[in-house]
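The chain contents come next:
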Amino acid sequence: MAYKEDETLKQINTFTLMLMCVKFLRFVFFVYSALSFIFWFLNCFEVEWLYLFNWLFAGPYWLVSLFYTPQGISADFSLAIVGGITLFLGFSFEFFVNSLYQKISNLQEEEERKMEKRRMLRQKRRTAKPLASYTEEQKKEESPFENSKLIFLILPNIKKIKRRKEDMELTFQDVEIWKQRINKKLIENVNYSNPLQKGYYRKNLFLVYNDFNFVDDFIYYITPTLESLTLEFRKYGISVSFCYVLSAIHDMKTLEKELDCMDTTLALNFVNEFIVTNRFKITYDNKASKKYQLEFKGEYNLSKNLSISNRQPLYTLTDRTKKENKE
């Protein structure tokens, strides 16, 4: 059965990209307006070196000259007009930014309602058969995949974008501060999906979802979210890439043990790849419909004790539909 992408998620991704562009344009207009007023003020005092920056205002100055020409020896208000127009545009885009934030918020609420409806429907199907009809033996034989939970562990890799030779590398404290900011942004973006549990394991953010079947929706949404965070922090001169691992558990008592194994997997430093454990593969193979397919990555020693070998297979998730389109 073909996987049908949620139209609401597509809209969220589209409006998120629009928001990033509009925020950038708003910033440009406000900065340009401030420069225009500053240079107009300096021009009133006939500061000599201002001609070096004529190129910066050549286009807008020419447009203003189409409807405004200074008369006689009166002050030239062209740059002030440019500043006023760009200031107006900046506030217009500010209104547009707020509208987009509201639109995205409404769409996320709508998507949250849809996910809750899907979860309730799946729960209803599971409990459709009366509990009394189960014998103790049938309960033991029940597939453990029915109640599996999804785990996601992520590590941001942070580097300074060096634009000049004299730029200094980030200190350990700087990296930790940026990492906290990125994790905070990430949590804000995934809160709508109502994770069963979220927290930090050895300073790395983890999320647990009660229903493993949420995995396809989760991957579809988290991918553009991580891409947008990478773009957002570039404007601060920070290069961000991510290492992340997905796994599955049947019992929350085994969460810490599974996170420990996933944390070791993060140390292998597979950047911007959906790395999954063997537990994940077994559970995903039993999923009725799948958008993604698994590719064998290799066997790796995931033991923290160097004297003990714990070789386990790892896999990567690839988009089945994209691969079929390429073929």
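The rules behind the values
- Along each chain, residues carry numbers from 1 onward, in the same order as the chain's sequence is written.
- Only residues with pLDDT of at least 70 are given local features in this predicted model, and only at 80 or more are side-chain atom pairs given and counted; all residues enter the totals for whole chains, interfaces and linings.
- Only heavy atoms go into the side-chain values, all of them from the structure, while hydrogens and water stay out.
- Orientation is described by axes fitted as lines to C-alpha atoms, over the contacting stretch for helices, and by angles from 0 to 180 degrees between their N-to-C directions.
- Numbering of helices and strands starts at the N terminus; helices are DSSP runs of H or I of at least 4 residues and strands are runs of E of at least 2.
- Take the far helix as your reference; a near helix turned counterclockwise from it by less than a right angle gives a left-handed crossing, and one turned clockwise gives a right-handed crossing.
- Pairs of residues are marked as contacts when any of their non-hydrogen atoms sit within 4.5 Å.
- Residue polarity is assigned by list, with Asp, Glu, Lys and Arg as charged and Ala, Val, Leu, Ile, Met, Phe, Trp, Tyr, Cys and Pro as nonpolar; anything else, Gly included, falls into the polar class.
- Exposure classes here rest on a 1.4 Å probe applied to the protein chains alone. A residue is buried below 20% of its type maximum, exposed above 50%, and partly exposed in between.
- When DSSP locates at least two bridges between a pair of strands, those strands are taken to pair.
- We count Lys and Arg on the positive side and Asp and Glu on the negative side, and we leave His and both chain ends out.
- In what follows, salt bridge is the name for a side-chain nitrogen of Lys or Arg lying within 4 Å of a carboxyl oxygen of Asp or Glu.
- Here a polar contact is taken to be a pair of N or O atoms separated by no more than 3.5 Å, where protein atoms must pair a possible hydrogen donor with a possible acceptor and residues adjacent in sequence count only if both atoms sit in side chains.
- For every residue, the predictor reports its confidence as pLDDT, a number between 0 and 100.
- The term nonpolar core refers to a set of buried residues drawn from Ala, Val, Leu, Ile, Met, Phe, Trp, Tyr and Cys, joined through side-chain atoms within 4.5 Å.
- Centres within 6.5 Å make a pair out of two Phe, Tyr or Trp rings, where for Trp the six-membered ring is used; the pair is then stacked when the planes are under 30 degrees apart, edge-to-face when over 60, and tilted otherwise.
- For a ring to carry a charge above it, either NZ of a lysine or CZ of an arginine must fall within 6 Å of the ring centroid while also lying within 35 degrees of the normal to the ring plane.

Between two packed helices, the angle of one axis relative to the other and the distance separating the axes together describe the packing. Two elements in contact, helix H5 (residues 172-190) and helix H6 (residues 215-234), have axes whose closest approach is 11 Å; the angle formed by their N-to-C orientations is 140 degrees. At the point where H5 passes H6, the crossing takes the right-handed sense. In this structure, H5 uses Trp178, Arg181, Ile182, Lys185, Leu186, Asn189 and Val190 to contact H6, whose residues at the interface are Tyr221, Ile222, Thr225, Leu226, Leu229, Glu232 and Phe233. When its residues are assigned to classes, the contact of H5 with H6 shows nine nonpolar, two polar and three charged.

Most of strand E3 (residues 204-209) sits inside the fold, with six of its six residues counted as buried. Alternating residues of E3 divide into Asn204, Phe206 and Val208 and Leu205, Leu207 and Tyr209, and every residue in both groups is buried. As defined by bridge partners, strand E1 (residues 149-160) adjoins E3 across five bridges and the pair is classed as antiparallel. Among the inter-strand pairings, leucine 150 is bridged to a residue of E3, identified as tyrosine 209. Between strand E2 (residues 197-201) and E3, which pair antiparallel one after the other, the connecting turn spans two residues, and arginine 202 there sits at a positive phi close to 50 degrees.

On to the side chain of lysine 179, then. Tracing the backbone shows lysine 179 in helix H5. Buried and without a salt bridge, lysine 179 has glutamate 176 as its closest oppositely charged side chain, separated by 4.8 Å. Separated by 3.0 Å, the side chains of lysine 179 and asparagine 204 make a polar contact. Setting aside residues up to four positions removed in sequence, lysine 179 forms contacts with Leu155, Pro156, Ile158, Lys203 and Asn204.

All right, on to unusual backbone geometry then. In the Ramachandran plot, arginine 202 falls in the positive-phi region, its phi being about 50 degrees despite a non-glycine side chain. Within the element layout of this structure, arginine 202 appears in the loop between E2 and E3. The exposure class of arginine 202 is partly exposed, given its relative accessible area of 47%. Its identity is not glycine, yet asparagine 269 carries a phi of approximately 60 degrees, on the positive side. Following the sequence through the fold, asparagine 269 ends up in the loop between helix H7 (255-266) and strand E5 (274-276).

To continue, consider the environment of glutamate 273. If you trace the backbone, glutamate 273 turns up in the loop between H7 and E5. A relative accessible area of 26% places glutamate 273 in the partly exposed class. Distance in space between the C-alpha atoms of glutamate 273 and threonine 318 is 8.9 Å, their sequence separation being 45 residues. If we skip the residues at most four places from it in the chain, glutamate 273 touches Tyr244, Lys297 and Thr316.

Another aspect to go through is the pattern of salt bridges. Summed over the entire model, instances satisfying the criterion amount to eight salt bridges. In this structure, glutamate 94 and arginine 26 form a salt bridge, with 2.8 Å as the shortest nitrogen-oxygen distance. One end of the pair, glutamate 94, is in helix H3 (residues 78-126); the other, arginine 26, is in helix H1 (residues 7-44), and 68 residues separate them in sequence. Arginine 26 gets classed as buried once you look at its relative accessible area, which sits at 19%.

Strand pairing in a sheet takes place through backbone hydrogen bonds and is either antiparallel or parallel in direction. Spatial ordering of the open sheet is given by E2-E3-E1-E4-E5-E7-E6, a layout of seven strands whose pairing is mixed. At either margin of the open sheet sits one strand with a lone partner, and together these are E2 and strand E6 (292-301). In this sheet, neighbouring strand axes are inclined to one another by 25 degrees on average, regardless of whether the strands run parallel or antiparallel. Lying on the sheet, H6 is in contact with E1, E3, strand E4 (238-249), E5, E6 and strand E7 (311-319); it crosses E4 at an angle near 165 degrees.

So, on to the confidence of the model for the protein. Here the protein averages 78 in pLDDT, while 75% of its residues score no lower than 70. Considering each helix and strand of the protein separately, the mean pLDDT is smallest for helix H4 (residues 136-141), with a value of 41, and largest for E5, with 94. Every residue in residues 1-5 scores below 50 in pLDDT, and together they form seven contacts with partners more than four places removed in sequence or on other chains. In this model, residues 128-143 is a region of pLDDT below 50 whose contacts with residues beyond four sequence positions or in other chains number four contacts.

Right, let's talk about the nonpolar core for a bit. Grouped together as the largest cluster of nonpolar side chains are 35 residues, with contacts concentrated most on Phe218, Leu246, Phe280 and Leu317. Looking at this core, the elements with two or more residues in it are E1, H5, E3, H6, E4, E5, helix H8 (278-285) and E7. Top contributing element to this core by residue count: H6, with eight residues.

Turning our attention to the packing of aromatic side chains. Going through the model one piece at a time under the given rule, you end up with 16 aromatic pairs. Plain terms: the ring middles of phenylalanine 296 and tyrosine 315 are 5.7 Å apart, the flat faces sit at 65 degrees to each other, and that makes the pair edge-to-face. One end of the pair, phenylalanine 296, is in strand E6; the other, tyrosine 315, is in strand E7, with 19 residues separating them in the sequence. By relative accessible area, phenylalanine 296 is classed as exposed at 53%. Taken together, Phe152, Tyr209, Phe214, Phe218, Tyr244 and Phe274 form an aromatic cluster joined through their ring pairs. Just above the ring of tyrosine 236 sits the side chain of arginine 181; from NZ or CZ to the centre is 5.1 Å. The ring of tyrosine 315 has lysine 281 sitting right over it, with the charged end atom 5.5 Å from the ring centre.

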